[in-house]
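Each chain, letter by letter, is given below.
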Amino acid sequence: MLPNNLEFDLETGQRGNRDNHIESLICELTGSEAATVVNNNAAAVVLALSTLAKGREVPVSRGELVEIGGSFRVPEVMESSGCTLVEVGATNRTHLKDYRSAVSAQTALLMKVHTSNYRLEGFTQSVDEKTLAELAHEHKLPCMVDLGSGCLIDFADLGLPGEPKASDYIANGIDLITFSGDKLLGGPQCGIIAGKKSLLDRICKNPLKRALRVDSMILAALSEVLKLYRHPETLTQTLPTLRQLTRPASDIEEQAVRLCSELANHLPQAYRSATAPCYSQIGSGALPVETIPSFAIAIESAEDRDSDLRRLATELRKLPRPVIGRIHDGRLLLDLRCLDCESLFLEQLPLLENALAC
Ligand SMILES: *Cc1c(COP(=O)(O)O)cnc(C)c1O
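Residues numbered from 1 in each chain as written. Predicted model: local features only at pLDDT ≥ 70, side-chain atom pairs only at ≥ 80, totals over all residues. Heavy atoms only, no water.

1. Concerning the pairing of strand β11 (residues 191–195)
Put simply, the test is: Only protein chains enter the accessibility calculation, which uses a 1.4 Å probe; a residue whose area is less than 20% of its type maximum is buried, one above 50% is exposed, and one in between is partly exposed. Note on conventions: DSSP H or I runs of at least 4 residues are helices, E runs of at least 2 residues are strands, and numbering of each starts at the N terminus. Any two strands with at least two DSSP bridges between them are considered paired.
Within β11, five of the five residues are buried, which leaves the element mostly enclosed by the surrounding structure. Bridge count for strand β3 (residues 34–38) against β11 is five bridges, and the pairing is antiparallel. For Thr-36, the partnering residue across the bridge sits in β11 and is Ile-193. Across five bridges, strand β10 (residues 176–180) lies against β11 in antiparallel orientation. Residue pairing for β11: Phe-179 is matched across the bridge by Ile-192.

Rendered as structure tokens:
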């Protein structure tokens, strides 16, 4: 590894703060006063709550008590941060008056959680962040939002499903936001905390901060990704996540046509391949129900045998560069949206042929 000045201030020649450089980038992109980076967004939420709300109450809407996957469940995260969850409203509807009646002398802050992986539809009501921030400020309390996958640019401009930007929350008066670096943002695994300097000062002094901090490689990778965000007009070329999300279906279709016959040449008689339209799921804790049109190579078993498809899927996953398909409606679909380098796929076809011949 190259020498670096992670905790050394080149100007003063004294010990420096490892967060300085990344902090100014995050502040520039989110409109925040201060920021820091920890291991992941789960750590960001735990650190923020245990600093600002330990031993006190935090009202959260019943519609936002989500489980993210793994072991991140909002009620349990709050418990392990030492604060008391005060459930507010109903699963489908929460009103401002519900929050208002939950605020007491024990309240530490008001919090909203992005319902990242599911959507409420029908007879629903929630309190927007601007209104909630106003209520918090009336009571001299901070208002925090766990954004899940933070978004730094206007997704609608790229033809993708809209998602509020981190800077919108700050502009609407939210005092503290937390989000992942490795979901829609497209960076390394980390969690970003941004907002009011007075709150960040307290958060950074918490002894837990050191336990949850990130190493210099992550800071370097995050900093390179954030620098790309300074030029949003070229992001769909420079940032792989956005390049793949915005790839036109027509481009993917051309690739599918090119590769389909090559693949067919290496598959035994037991399989038939064709190209087919499909949908890519964005997922990853954001845009839960959104899909984007894409193209796939669709492989069927000539004998209509599921076991043939499962065998092919297994052998594809065992290649030196694993190829991951999904079986849907009697076909193995290889969605080509994320195939950047065709030769890596083509080079392996003889290996696949050999494996299937055994
Ligand atoms: C994904 C997510 C988390 C956890 O983030 P990690 O970076 O995976 O730890 C927490 N809260 C919400 C709302 C999320 O979507």
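2. Some words on the site of the ligand
Rules: The nearness test applies per residue and asks whether one of its heavy atoms lies within 4 Å of the molecule or strand. Between N or O atoms, a polar contact is any pair within 3.5 Å; within protein, one atom must be a potential hydrogen donor and the other a potential acceptor, and residues adjacent in sequence are included only when both atoms are from side chains. Note that accessible areas follow from Shrake-Rupley with a 1.4 Å probe, and for residues the cover is restricted to the protein chains shown. Each residue gets one label: Ala, Val, Leu, Ile, Met, Phe, Trp, Tyr, Cys and Pro are nonpolar, Asp, Glu, Lys and Arg are charged, and the others, such as Gly, are polar.
Close to the ligand lie 13 residues; Asn-41, Ser-116, Asp-146, Ser-180 and Lys-183 are nearest. Here Asn-41 contributes a backbone N or O atom positioned 2.9 Å from an oxygen atom of the ligand. In the model, a nitrogen atom of the ligand is placed 2.6 Å from a nitrogen or oxygen of the Asp-146 side chain. Burial of the ligand by the surrounding chains reaches 89%, relative to a free accessible area of 380 Å². Mapped onto the shell around the ligand, the elements with two or more residues apiece are α2 (41–52) and β9 (143–149). A class-by-class count of the residues in the shell around the ligand yields four nonpolar, seven polar and two charged.

3. Examining the packing of α2 against helix α7 (residues 197–205)
Stated precisely, the cut-off is as follows: The convention used is that axes are lines fitted to C-alpha atoms, helices contributing only their stretch in contact, and that angles between N-to-C directions extend from 0 to 180 degrees. Oblique is the label for any angle not under 35 degrees, not over 145, and not in the 65 to 115 range, which are roughly parallel, roughly antiparallel and roughly perpendicular in turn. Any two residues having at least one pair of non-hydrogen atoms within 4.5 Å are treated as being in contact.
Contact pair α2 / α7: the axes reach a minimum separation of 9 Å and the direction vectors enclose 100 degrees. One element, α2, and the other, α7, form an angle in the roughly perpendicular class. In this structure, α2 uses Leu-47, Ala-48, Thr-51 and Leu-52 to contact α7, whose residues at the interface are Leu-199, Arg-202 and Ile-203.

4. With respect to the packing of helix α12 (residues 249–266) against helix α15 (residues 349–357)
A pair of packed helices can be characterised by two numbers: the angle between their axes and the separation between those axes. Basically, it comes down to this: A clockwise turn of the near helix away from the far one marks a right-handed crossing, whereas an anticlockwise turn of less than a right angle marks a left-handed crossing.
Where α12 meets α15, the axes come as close as 9 Å, and the angle between the chain directions of the two elements is 35 degrees. Relative to α15, the crossing made by α12 is right-handed. For the pair formed by α12 and α15, the contact residues are Glu-262, Leu-263 and His-266 on the first element and Leu-349, Pro-350, Leu-352 and Glu-353 on the second. Split by residue class, the contact of α12 with α15 holds four nonpolar, one polar and two charged.

5. Quick notes on unusual backbone geometry
In this structure, Lys-140 takes a positive phi of about 55 degrees despite not being glycine. Along the chain, the position of Lys-140 falls in the loop between α5 (129–138) and β9. You will see that Asp-329, though not glycine, has its phi angle at about 55 degrees, which is positive. Here Asp-329 shows up in the loop between β14 (326–328) and β15 (331–335). Taking relative accessible area as the criterion, Asp-329 reaches 71% and is therefore assigned exposed.

6. What to know about the sheet that holds β3
Overall, mixed pairing links the five strands, which are arranged β3-β11-β10-β9-β8 in an open sheet. Each having just a single partner strand, β3 and β8 (110–113) make up the two edges of the open sheet. Averaged over all neighbouring strand pairs, the angle between strand axes comes to 15 degrees, with direction disregarded. Here five bridges tie β9 to β10, and the two strands are oriented parallel to one another. Of the residues in β10, the one forming a bridge with Gly-148 is Phe-179. In this fold helix α1 (residues 20–30) packs onto β3, β10 and β11, with an angle of close to 120 degrees to the strand it touches most, β3.

The values reported here are purely geometric and, on their own, carry no functional implication.
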